[in-house]
Amino acid sequence: MPSRTPHTPPPYRSSWFRRAATAVAVLATAIGTAGAAPGAIAAPAPAAPTAAHPAAVAAAPDIPVANVKAHLAQLQSLATANSGNRAHGRPGYKASLDYVKAKLDAAGFTTSVQQFTAGGATGYNLVADWPGGNAGQILMTGAHLDSVTSGPGINDNGSGSSAVLETALAVAREGLKPAKHLRFAWWGAEELGLIGSRNYVNALPTAERSKITGYLNFDMVGSPNPGYFVYDDNPALEAVFKDWFAAKGVATEIETEGDGRSDHASFKNAGIAVGGLFTGAGRTKTSAQAQKWGGTAGQAFDRCYHSSCDTTSNINDTALDRNSDAIAHAVWTLSAN
Ligand code: DTR
Ligand code: CA
Ligand code: ZN
Ligand code: ZN
């Protein structure tokens, strides 16, 4: 499991900077050598990364929350055009999957659609692989794409689906070349009982399961009266998120709504390390929580949970932005070595 590693600023890419940096380095070496006592030797080359001192991790880019909200607007439109929902077995779900797939295909991902049957209807998972990285070490990041039948499911779970999509598109924009292989997934029929993700894991040969170093799940990350909850299923994965939020001055709590409540359970049940983030559903925000997070005490984290009012107006932009950036940080950090 990765240890905490220092951030280094993103590598400068301009050729001017490289030339200048080279000139400065040559000059510095010359001065260094010239200024040293006769017979002194140049500073040793930096040591190669080791397990105890892994290579510094390039910082993840900021994920533009406007881009995430643009995906939410598309998902809202698709629900509106399809009887008001994006539920398993309904046209709005397949239209949502086609939208996400088209974005990923255009960005250079290798995508595949996995079909399954649930409740007498055909369901679909979308899996997208970013080419490269160690095929024997796969970091997975996912979210369920389906809504309930009663509404468009923008927070539940357009928010997680869109944040994961924009993180994947950022990987492509940056041309990320991580040590590990990156795989992203959008699950069907979570609302029927984690059906899509369970189908995926059950269909994986044991040898393939053992390649998955961790699965990160994001289900409801933009709740209108948000809390900042971190899954505590795996200490190393939990720390990546907790440390990031702490560095931003945002308090977090452990997610206690319970195991089995989203797609990470399908992976945990197969012995795979899981982590993730959650901003709350139908439970009520306490006064103590409102003190640290703002928002309204005595009100549900998401009053429109599983309701027709779970629309694009049912999102807290700050929570969506913070969680999108936390997802990118985790993907960059956990795949770096
Ligand atoms: N089951 C999710 C919402 C949900 C409820 N509790 C948790 C805990 C962790 C993640 C998600 C959830 C749904 O309705 O899709
Ligand atoms: Ca951001
Ligand atoms: Zn739900
Ligand atoms: Zn959900």
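Residues numbered from 1 in each chain as written. Chains lettered and ligands numbered in written order. Predicted model: local features only at pLDDT ≥ 70, side-chain atom pairs only at ≥ 80, totals over all residues. Heavy atoms only, no water.

- The chain is annotated in an unreviewed UniProt entry as M28 family metallopeptidase from Streptomyces pathocidini.

**With respect to the overall build of the chain**
- Each helix and strand in the chain was counted, giving 10 helices and 10 strands.
- Taking the contacts inside the chain whose residues are at least 6 apart along the sequence as the reference set, 77% of them involve residues at least 24 apart. (Helix = DSSP H or I, 4+ residues; strand = E, 2+ residues; numbered from the N terminus. Contact = heavy atoms within 4.5 Å.)

**Quick look at the packing of helix H7 (residues 235-247) against helix H10 (residues 317-334)**
- Two elements in contact, H7 and H10, have axes separated by 10 Å at closest approach and are oriented at 130°. By the criterion of interaxial angle, the relationship of H7 to H10 is oblique. Judged by the sense of rotation from one axis to the other, the crossing of H7 with H10 is right-handed. Here Leu237, Val240, Phe241, Trp244 and Phe245 of H7 lie close against H10, whose contacting residues are Arg322, Asn323, Asp325, Ala326, His329, Ala330 and Leu334. (Axes fitted to C-alpha atoms, helices over the stretch in contact; angles between N-to-C directions. Parallel < 35°, antiparallel > 145°, perpendicular 65-115°, else oblique. Left-handed = near helix turned anticlockwise from the far one by under 90°.)

**Overview of the pairing of strand S4 (residues 121-130)**
- Taken across its 10 residues, S4 has 9 buried, putting it largely inside the fold.
- Note: strand S3 (residues 110-118) against S4, 9 bridges, orientation antiparallel. Across the sheet, the residue bridging to Thr110 is Asp129, located in S4.
- Inspection of the sheet shows S4 paired to strand S6 (residues 180-187) by 5 bridges, in the antiparallel sense. Residue pairing across strands places Asp129 opposite Arg183, the latter belonging to S6. (Buried < 20%, exposed > 50% of the residue type's maximum accessible area, 1.4 Å probe, protein only. Pairing = 2+ DSSP bridges.)

**Points about the side chain of Thr111**
- For Thr111, the location among the structural elements is in strand S3.
- Of note is the side chain of Thr111, whose polar atom sits 2.6 Å from the side chain of Asp105.
- Setting aside chain neighbours within four positions, we find Thr111 in contact with Lys101, Leu104, Asp105, Leu126, Val127 and Ala128. (Polar contact = N/O pair within 3.5 Å; in protein donor to acceptor, adjacent residues only side chain to side chain.)

**So, the coordination of the calcium ion (ligand 2)**
- Coordination of the calcium ion (ligand 2) by the protein involves Asp62 (OD), Ile63 (O), Asp321 (OD), Asp325 (OD) and Asp325 (OD), with metal-donor separations of 2.2 to 2.5 Å.
- As a motif over one chain, the donors of the calcium ion (ligand 2) read D-I-x257-D-x3-D.
- Given the relative accessible area of 52%, Asp62 is considered exposed.
- Residue Ile63 is classed as buried on the basis of its relative accessible area of 0%. (Donors = N, O, S within 2.8 Å, 3.2 Å for Na, K, Ca; no water.)

**So, the nonpolar core**
- If you look at the biggest cluster of nonpolar residues, it comprises 61 residues, and the most contacted ones within it are Leu104, Phe184 and Trp186.
- Counting residues per element, this core draws most heavily on H10, which supplies 9 residues.
- Ranked by size, the runner-up nonpolar core spans 13 residues in total, among them Val127, Ala185, Tyr215 and Val274. (Core = buried A, V, L, I, M, F, W, Y, C linked by side-chain atoms within 4.5 Å.)

**Quick notes on the coordination of the zinc ion (ligand 3)**
- Protein coordination at the zinc ion (ligand 3): the donors are Asp156 (OD), Glu191 (OE), Glu191 (OE) and His306 (NE2), at 1.9 to 2.5 Å from the metal.
- Seen from the zinc ion (ligand 3), its 6 donor atoms lie at angles of 55 to 150°, and the figure they make is irregular.
- The sequence pattern formed by the donor residues of the zinc ion (ligand 3) is D-x34-E-x114-H.
- The distance between the zinc ion (ligand 3) and the zinc ion (ligand 4) is 3.6 Å, with Asp156 acting as a donor to both metals. A residue pair is termed long-range when its members are at least 10 positions apart, and Glu191 in the loop between S6 and helix H5 (195-203) and His306 in the loop between helix H9 (287-293) and H10 qualify at 115 residues. (Tetrahedral: all angles 85-135°; square planar, octahedral: opposite > 155°, others 65-115°.)

**Some words on the site of ligand 1**
- Near ligand 1 you find 14 residues, and of these Asp156, Glu190, Arg261, Tyr305 and His306 are the closest.
- Contacts to ligand 1 include Glu191, whose side-chain N or O atom sits 3.2 Å from an oxygen atom.
- Separating an oxygen atom of ligand 1 from a side-chain N or O atom of His306 is a distance of 2.9 Å.
- Coverage of ligand 1 by the protein amounts to 98% of the 360 Å² it exposes when considered alone. (Near = heavy atom within 4 Å. Areas by Shrake-Rupley, 256 points an atom, 1.4 Å probe, with all protein chains shown as cover.)

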